[in-house]
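# Structural overview for review
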Amino acid sequence: MTDTPQDTDQPVEATAPREREVKTSSIPQEELARLTDDIVSALKTVYDPEIPADIYELGLIYKVDIEDDRSVKIDMTLTAPGCPVAGEMPGWVQNAVSSVEGVGDVEVTMVFDPPWTPDRMSEEAQFAVGWY
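Residues numbered from 1 in each chain as written. Predicted model: local features only at pLDDT ≥ 70, side-chain atom pairs only at ≥ 80, totals over all residues. Heavy atoms only, no water.

Going by an unreviewed UniProt entry, the protein chain carries the name SUF system Fe-S cluster assembly protein and comes from Nitratireductor rhodophyticola.

Written as structure tokens, this is what we have:
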């Protein structure tokens, strides 16, 4: 299982299991790296319709877990809890990540803790919205 919460303004990436976890991934490192890159690429195809930046660069993806069976669990948030696409965006994320070759089931969970702030945006997203 991979687990990478987003604590800084850097986008989240799926990585090898944290050392505090006893379990190690049975997925070969090369395949895990490919899956990670492909999942990030898929996440970058999903855009917040009100902001000209993708959800990955906006910092809306808090965690990506790639399980040994290649299922993927994603924690994400929205720029605001009352976002008009709150009901649709998890499906968009699920569809995008499900299209990645080698990915099994995809589960997307909407979380609001910690709340999203513009500090989570990458420089690319800040540039896209004219804040940089």
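Resuming the write-up.
## Looking at the nonpolar core
Counting residues in hydrophobic clusters, the biggest one holds 36 residues, and the most contacted among them are Leu43, Ile74 and Val93. Breaking this core down by element, the ones donating at least two residues are α1 (29-43), α2 (55-58), β1 (61-66), β2 (72-76), α3 (89-98) and β3 (106-110). Tallying contributions element by element places α1 first for this core, with six residues. When residues no more than four places from it in sequence are discounted, the contact partners of valine 93 are Leu43, Val46, Ile55, Ile74, Met76 and Val108. (Core = buried A, V, L, I, M, F, W, Y, C linked by side-chain atoms within 4.5 Å. Buried < 20%, exposed > 50% of the residue type's maximum accessible area, 1.4 Å probe, protein only. Helix = DSSP H or I, 4+ residues; strand = E, 2+ residues; numbered from the N terminus. Contact = heavy atoms within 4.5 Å.)

## Thoughts on the packing of α1 against α3
Each pair of packed helices gets described by two things: the angle between the helix axes and the distance between those axes. Remark: α1 packs on α3, axes separated minimally by 8 Å, with the N-to-C direction vectors making an angle of 140°. Relative to α3, α1 is oriented oblique. Seen along the crossing, α1 lies across α3 with a hand that is right-handed. For the pair formed by α1 and α3, the contact residues are Ile39, Ala42 and Leu43 on the first element and Val93, Ala96 and Val97 on the second. Taken together, the residues of the contact of α1 with α3 sort by class into six nonpolar, no polar and no charged. (Axes fitted to C-alpha atoms, helices over the stretch in contact; angles between N-to-C directions. Parallel < 35°, antiparallel > 145°, perpendicular 65-115°, else oblique. Left-handed = near helix turned anticlockwise from the far one by under 90°. Nonpolar A, V, L, I, M, F, W, Y, C, P; charged D, E, K, R; others polar.)

## Re the sheet that holds β2
Reading across the sheet, the three strands line up as β1-β2-β3 and stay open at both edges, with mixed pairing between neighbours. Bordering the open sheet on either side are β1 and β3, each of which pairs with just one other strand. With direction set aside, neighbouring strand axes in the sheet form an average angle of 15°. Where β1 meets β2, five bridges bridge the pair, whose relative direction is antiparallel. Bridged to lysine 63 within β2 is aspartate 75. Across the sheet, α3 touches β2 and β3, and the angle it forms with β3 is around 155°. (Pairing = 2+ DSSP bridges.)

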